[in-house]
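Tertiary structure, described
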Amino acid sequence: MKVGNATSNKGQGPRFFRALRDILPADGLLVSDEERRPYECDGLTGYRELPLAVAMPDRLDQVEQILSLCDTQGVPVIARGAGTGLSGGATPRRDALLLSMARFSRIIDVDPVGRTARVEPGVRNLAISEAAAPYGLYYAPDPSSQIACTIGGNVAENAGGVHCLKYGLTVHNIIRLDVVLIDGEKITVGSEALDSPGYDLLALMTGSEGMLGVVTAITVRLLPIPVSAKTVLAGFDDVEKAASSVAKLIAAGVIPAGLEMMDNPAIRAAEDFSEAGYPRDAAAILICEVDGTEAEVARQIELTRSVFEIEGATKIQVSATEEERQRFWSGRKNAFPAVGRISPDYYCIDGTIPRQQLGRVLAGITELSSTYGLRVANVFHAGDGNLHPLILYDGAQPGEFERTEALGGEILELCIEVGGTITGEHGVGLEKIDQMCVQFEPSEIEHFHGVKAAFDPRGLLNPGKAVPTLARCLEFNAMHVHDGRIPFPDIDRF
């Protein structure tokens, strides 16, 4: 699907490109179709568009000058990391400069005493833990794409991962950001102190999807590597039993480092791909990891086993070695590429619900899957209610991507209906922009635009993403009045 609209910005002429070449290194501006093609989409491949050009700075002053130039000339800017995002947040526009931060890949400093690391946005997530490991430290948020995704993209989307239940999302594990605004001004939000006066701009900037500024350095919090960690793999013959076990385990006082759930289609795909030892005939599995001291881990493992047995688990395994623990996780970590082997395409949804609603939502997804005639493989960060239904489709079939989008939209609206939200870690991007109209009232949408205007008055940073216009919400909700899916909001408030 093509996105964006061409404009007649005067800044897109030869003078603009000459100015960019003067700012950038010799190989830092990509303009040919062949050079721009790898940047036409992020991990949401259903949306594609060639950018106006791709700028690849390698120094801070270049970023400042590029943004100032684009501000002066009225050229939109879309910042990009590794392009692993799944919501279309880095999808280009024909009239916009794509600003790649990939060359900002230095780990500036690791402070083992203060337990922090200062890194550039192009550093891979996993590389932070690798650099901290000699000091007995690591960086906790671990998205499944951590081998490739960058910390700058993690900040933009407020990424999480399988261990976010106990250790939190990106916002809970960073303490300072260096940011360049659209006019080229540098600001710092957060600090290395325990608290900062004024508004919490660090939290505001985290998850803002590149709409408020371009992050140029991040100070992350490091944690001691746990003394002990063990993983319980439990199979269930009924999805409802597995879902119930999640709430019961948390209620019993266990706070797992990670608690994941997979249904049978996801189990089979992952087992074929990774040979992780999953019970192929199980309706669902739970993967529960606990960490801490040896005594803490032993006590929590026994409690976890007891809860799973009471809730009807048909098979329970506890990792006996570090190799086995890693093997249990390998299937979950590789679930997305595994599903890619059984379908020409898949569409990954990201919504969050109250834990006690897991069973109800799974039943709803099954019903919607049947209605739309599209298979769904479910993978969950079950402990914190973060869903990742994978809708299997064939993009080569006319209309099938649009049908897949419609199914995804209904799943997200189901999340809202049970008291949840439309994203847990992937962001809104282009994918969920219409569901923002369901999640929020028009007055709330208006306030979001007010916040953006305070940082980006002309709306040049990542335009058209994350926050819909009031006109778009009016149109979307009007269409859905007729099919009865959602109530129409008070039109007078637009």
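An account of the accompanying structure is given in this report. Here, residues in each chain are numbered from 1, in the same order as that chain's written sequence. Given that this is a predicted model, residues contribute local features only at a pLDDT of at least 70 and side-chain atom pairs are listed and counted only at 80 or more, while totals for whole chains, interfaces and linings are drawn from all residues. To get the side-chain values, take all heavy atoms of the structure and skip hydrogens and water.

Numbering of helices and strands starts at the N terminus; helices are DSSP runs of H or I of at least 4 residues and strands are runs of E of at least 2. The span one expects for a helix is its residue count, reduced by one, times 1.5 Å. Given a rise of 1.5 Å per residue, 18 residues ought to cover 26 Å, and the 26 Å separating the end C-alpha atoms of helix α14 (residues 400–417) matches this to within 8%. Think of it in three bands: with a 1.4 Å probe and only protein chains considered, a residue is buried below 20% of the maximum accessible area for its type, exposed above 50%, and partly exposed in between. Inspection of α14 places E400, F401, T404, L407, G408, G409, I411, L412, E413, L414, C415 and I416 among the buried residues, and these make up the whole buried set. After α14 finishes, the residue G419 shows a positive phi value of roughly 95 degrees.

A cavity here means a set of points on a 1 Å grid, drawn over the protein atoms and nothing else, where a 1.4 Å probe fits but cannot get out; a pocket is an open set with protein on both sides within 12 Å along at least five of seven lines, and a residue lines either one if it has an atom within 4 Å of a point. Grid points are joined across faces, edges and corners, and a volume is the space filled by probe spheres set on the points. Its boundaries defined by the atoms lining it, the largest pocket holds a volume of some 980 Å³. Lining the largest pocket are 48 residues, and of these T84, G85, C149, G153 and N154 lie nearest its centre. The set of elements that each furnish at least two residues to the lining of the largest pocket consists of β3 (77–80), α5 (151–157), β10 (214–221), α11 (322–333) and α12 (335–339). For the lining of the largest pocket, the element with the highest residue contribution is α5, accounting for 6 residues. Note that Gly is not counted as nonpolar here; it falls among the polar residues with everything else outside the nonpolar set of Ala, Val, Leu, Ile, Met, Phe, Trp, Tyr, Cys and Pro and the charged set of Asp, Glu, Lys and Arg. The class makeup of the residues in the lining of the largest pocket is 19 nonpolar, 22 polar and 7 charged.

With that out of the way, let us pick up the environment of G85. Within the secondary structure, G85 sits in the loop between β3 and β4 (97–100). On the basis of relative accessibility, which here comes to 26%, the residue G85 falls in the partly exposed class. Sequence-wise, G85 and T150 are 65 residues apart; in three dimensions their C-alpha atoms are separated by 10.0 Å. Working rule for contacts: check all heavy atoms of both residues, and any pair within 4.5 Å makes them a contact. Once residues within four sequence positions are removed from consideration, G85 is found in contact with D42, G43 and L44.

We now examine the state of the cysteines. Cysteine sulfur pairs qualify as disulfides if the two atoms are within 2.5 Å. Under the counting rule described, the total for this entry stands at 1 disulfide. Between the sulfur atoms of C437 and its disulfide mate C473 the distance is 2.2 Å. Judged by the sign of its S-S torsion, about -80 degrees, the bond between C437 and C473 is left-handed. Taken as a pair, C437 in helix α15 (residues 436–439) and C473 in helix α17 (residues 470–483) lie far apart in primary sequence, 36 residues in all.

We now examine the pattern of salt bridges. Just to be clear on terms, a salt bridge is a Lys or Arg side-chain nitrogen sitting within 4 Å of an Asp or Glu carboxyl oxygen. Taken as a whole and judged by the stated rule, the model has 28 salt bridges. The residue R332 makes a salt bridge to E260 at a minimum N-O spacing of 2.7 Å. In this pair, R332 sits in helix α11 while E260 sits in strand β13 (residues 258–263), placing the two residues 72 residues apart along the sequence. The burial state of R332 is the same as that of E260; both residues are buried. Among the charged side chains, a network of salt bridges with common partners joins R37, E40 and R48.

Bringing unusual backbone geometry into the picture now. If you check the backbone angles, N158 has positive phi at about 55 degrees while not being a glycine. Looking at where N158 falls in the secondary structure, it is placed in the loop between α5 and α6 (164–167). Here the phi dihedral of E209 falls at roughly 60 degrees; this positive angle occurs in a residue that is not glycine. Mapping E209 onto the fold places it in the loop between α7 (201–205) and β10.

Take the pairing of β13 next. With 6 of 6 residues buried, β13 is to be regarded as a mostly interior element. Judged by which residues are buried, β13 turns out to be covered on both faces: G258, E260 and M262 on one side and L259, M261 and D263 on the other are all buried. In this scheme, strands are said to pair when DSSP sees at least two bridges between them. Where β13 meets strand β14 (residues 284–292), 6 bridges bridge the pair, whose relative direction is antiparallel. When the bridges of β14 are listed, E260 appears paired with I287. By the bridge criterion, 2 bridges tie β13 to strand β18 (residues 376–381) in an arrangement that is antiparallel. Looking at β18, one finds that M262 is bridged to V379.

Two elements in contact, helix α8 (residues 239–251) and helix α10 (residues 294–310), have axes whose closest approach is 9 Å; the angle formed by their N-to-C orientations is 140 degrees. In terms of axis orientation, α8 runs oblique to α10. Once α8 is placed against α10, the crossing between them reads as right-handed. Contacts between α8 and α10 involve S245, K248 and L249 from the former and T304, V307 and F308 from the latter. Among the residues making up the contact of α8 with α10, the classes are represented as 3 nonpolar, 2 polar and 1 charged. A fitted line through C-alpha atoms represents every axis, and for helices the fit uses only the stretch in contact; the resulting angles, taken between N-to-C directions, go from 0 to 180 degrees. We call two directions roughly parallel when the angle between them is under 35 degrees, roughly antiparallel when it is over 145, roughly perpendicular when it lies between 65 and 115, and oblique otherwise. Crossing chirality is assigned from the near helix's rotation relative to the far helix, an anticlockwise turn below a right angle marking it left-handed and a clockwise turn marking it right-handed.

The next thing to look at is the packing of aromatic side chains. We describe a pair of aromatic rings using the distance from one ring centre to the other and the angle between the two ring planes. Ring pairs shown here join Phe, Tyr and Trp side chains whose ring centres sit within 6.5 Å, with only the six-membered ring taken for Trp; geometry is labelled stacked below 30 degrees between planes, edge-to-face above 60, and tilted in between. Evaluated as defined, the whole model comprises 8 aromatic pairs. Taken together, a centroid distance of 6.4 Å and an interplanar angle of 85 degrees make the contact between Y138 and Y167 edge-to-face. In this pair, Y138 is assigned in strand β7 (residues 137–138) and Y167 in helix α6, connecting sequence segments 29 residues apart. A relative accessible area of 19% means that Y167 is categorised as buried. Aromatic ring contacts, followed pair by pair, group Y47, Y347, Y393 and F401 into a single cluster.

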